[in-house]
Amino acid sequence: MSAELREKKLLSQNVSDDMLPTVSADFREEETMATPKPRSETQYSSSNGESVDEKKNDSPSKSPAKSDPEPQGMTWDDWKKLPMKFIRVYVVIFCMWLGLLSVYWGSLYRREDRVQNMKILVAVEDTEFLLLNSTVADPVIGPMFENLLRANRRLGHYVIANVTELSQVANKRNITLFEELESTVHEHKYWAALHVDANTSAIVYDLLLSGNTLSQDAASVELAITVIYESGRHFSALSQYVTKNVRRIQLDWINNYAPLAYGNMIQAYLTPLQQASLISLANSSSAGASFSYLPLFKLIDYRPARSAAVLGPSELGLIYAQIFSFHQFNFSADLHNSVRERLRFRHFLWYRVLFSQLNHIMLALVYGLMTLAFQVPTDVAFGKSGFLVLWATMYMFISASGGLNECAGTLITFFDKKFLLPPWIISTIVFNISPTFAPFVLSPGFYRYGYAMPMLNAYEALKVIFFDTWKGTLGRNYGILAAWIVLTNIVLCFILSYISRKTRERTLKAAREQSQ
């Protein structure tokens, strides 16, 4: 009996122990569902509404990671729409590319036909002279030289000056006629000046008469014609159009017009006996015939390049500077957004303006230091202060270009049209370089808009720094650059104000929609 009671007791105890965990677990689950545990301040909801703690407690075994769905492929309707999308993209690219190339190549179109617009002053001082028999003879070299220029009008606009009037102007300034020619070229009134020395015909006559090729007359004849120009006025254009065409005229002079002038002088002013003596001396002279010594062109460059590397900082470097003026804003966009959240709007405006100017100053400093590193002289016009002038000039150019880029970039980014950023920067470069790297006299009148562009005015100022060209336009150049800086910063403030107002409106609208 006792054994039977003991067995029943153990059986009832085992049943109770097996049921207790289940009941307690069910109770705890009901309790948890009935009274949810309050979230701590550190908990926050994810984008899909689940708490972070809940996500952390989910084990990989209970919620396996979902793999990315495989692409379903394109339907027939998608394939039918694809060609039109390609056509639309290519039409946009074609029109954009065609428009930009047309602006730049338009400045080069038929440029050779506009070379005759480049004014070149001509001063012929050749005058009458006395023959051996005391007869007054008309000059031959000077008039023949004028005929040469008239026959080559397509190579330049040659203005034959009245030597008497030009001498009177020179006398009023207490300078010589030759110095007056230098002044007119330096002040950009003419691209070059041609000068025929006084008494050139008389010297040629004496040389033919004596037949002495070792005399002073032979040396003087070869230096009778002088060409004055300044490469610094437009370093790339002068070599392509002015000096190149002058050498073509010189070749025509030596091959055709100068021998013709000598032949006319021999026939008109030398007697038969003198002509026979000239031929005899020519045959016996080891130095050659006297009539082979022709008046040659002596080219004088009053503003040459002191370094072959000057083409970089004076012209091509401006393109890179303009590109960096855009990217300084592009690199700082994230910084501006983070600072905006911590500053009042008025303070943020000051921050944007001052931060941009600091960037422009640093970029200009790098430009100047690179110029010195490649040993390009900056002391040509302003001495030891030339580096500071270069730094200030590049700062004004980068600031003017950067302000314009910042205004456009801010608007493009706000409206989420970032695909417009590359066309914008390319178009600004094209519209700046088209009127800058070609003289206006060689381009259509449309490109006169370049007078107001930042790059052209910076280019004109850099020519003064690197070549010591005429300083008469510096006031206008720096004034236009300063106007661009002030205008773009004012416009930037209005743009930032507009963006701030629109952002508030969008936030309030989203809050109202969420509350509804």
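Before any of the text, the structure's been laid out above.
Scope of this entry: the structure provided in the associated data block. Keep in mind that what you see is a predicted model, and the values were worked out from it rather than measured.

Structural notes on the overall build of the protein chain
When helices and strands are counted, the protein chain shows 17 helices and seven strands. In the form shown here, the protein chain has an accessible surface area of approximately 30,400 Å², with 60% of it arising from carbon and sulfur atoms.

A look at the pairing of strand S6 (residues 225-229)
The buried fraction of S6 is high, at five of five residues. Every second residue of S6 is oriented toward a common face, with Ile225, Val227 and Tyr229 on one face and Thr226 and Ile228 on the other, all of them buried. In the sheet, strand S5 (residues 192-196) pairs with S6 via five bridges, with the strands oriented antiparallel. Across the sheet, Leu194 pairs through a bridge with Val227, a residue of S6. As paired elements, S6 and strand S7 (residues 297-301) share five bridges and run parallel to each other.

A few points about the pattern of salt bridges
All chains considered together, the criterion is met by nine salt bridges. Where Lys463 meets Glu460, a salt bridge forms, and the shortest distance between an N and an O atom there is 3.2 Å. Highlighted residues: Lys463 and Glu460, both in helix H16 (residues 454-467), separated by three residues, approximately one helical turn. Each of the two residues, Lys463 as well as Glu460, counts as buried. The salt bridge partner of Lys471 is Asp468, with a shortest N-O separation of 2.9 Å.

Some thoughts on the nonpolar core
Counting 50 residues, the largest nonpolar core has Phe145 and Trp253 as the members making the most contacts within it. Contributions of two or more residues to this core are made by strand S1 (119-124), helix H4 (141-151), S5, helix H7 (200-210), helix H8 (216-221), S6 and helix H9 (235-269). Aside from chain neighbours lying at most four places away, what touches Trp253 is Ile141, Met144, Phe145, Leu148, Ile225, Ala258, Pro259, Pro295 and Phe297. Core analysis: the next-biggest nonpolar cluster, separate from the first, contains 25 residues, Phe397, Ile429, Met455 and Ile465 among them.

Focus on helix H13 (residues 345-373)
Given a rise of 1.5 Å per residue, 29 residues ought to cover 42 Å, and the 42 Å separating the end C-alpha atoms of H13 matches this to within 8%. Two residues or fewer past H13, Gln375 is found with a positive phi of approximately 60°.

Describing the packing of helix H11 (residues 311-331) against helix H15 (residues 421-436)
Their axes nearest at 11 Å, the elements H11 and H15 cross at an angle of 150°. Judged by the inter-axis angle, H11 sits roughly antiparallel to H15. Every pair of crossing elements has a handedness; the one defined by H11 and H15 is right-handed. Two secondary-structure elements touch here, H11 through Ile319, Gln322, Ile323 and Phe326 and H15 through Leu421, Trp424, Ile425, Thr428, Ile429, Asn432 and Ile433.

Some remarks on the side chain of Asp126
In this structure, Asp126 sits in the loop between S1 and strand S2 (129-130). In this structure Asp126 is buried but unpaired, with Arg150 as the nearest side chain of opposite charge at 13 Å. Engagement of the side chain of Asp126 in a polar contact is seen with the backbone nitrogen of Thr200, the distance being 3.2 Å. For Asp126, the side chain forms a polar contact with the side chain of Ser201, separated by 2.5 Å. Setting aside residues up to four positions removed in sequence, Asp126 forms contacts with Pro139, Val140, Ile141, Gly142, Val196, Asp197, Ala198, Asn199, Thr200 and Ser201.

The rules behind these values
- Residues numbered from 1 in each chain as written.
- Predicted model: local features only at pLDDT ≥ 70, side-chain atom pairs only at ≥ 80, totals over all residues.
- Heavy atoms only, no water.
- Helix = DSSP H or I, 4+ residues; strand = E, 2+ residues; numbered from the N terminus.
- Areas by Shrake-Rupley, 256 points an atom, 1.4 Å probe, with all protein chains shown as cover.
- Buried < 20%, exposed > 50% of the residue type's maximum accessible area, 1.4 Å probe, protein only.
- Pairing = 2+ DSSP bridges.
- Salt bridge = Lys/Arg side-chain N within 4 Å of Asp/Glu carboxyl O.
- Core = buried A, V, L, I, M, F, W, Y, C linked by side-chain atoms within 4.5 Å.
- Contact = heavy atoms within 4.5 Å.
- Expected span 1.5 Å × (residues − 1).
- Axes fitted to C-alpha atoms, helices over the stretch in contact; angles between N-to-C directions.
- Parallel < 35°, antiparallel > 145°, perpendicular 65-115°, else oblique.
- Left-handed = near helix turned anticlockwise from the far one by under 90°.
- Lys, Arg positive; Asp, Glu negative; His and termini not counted.
- Polar contact = N/O pair within 3.5 Å; in protein donor to acceptor, adjacent residues only side chain to side chain.

Geometric descriptors of this kind do not, in isolation, establish any biological role.
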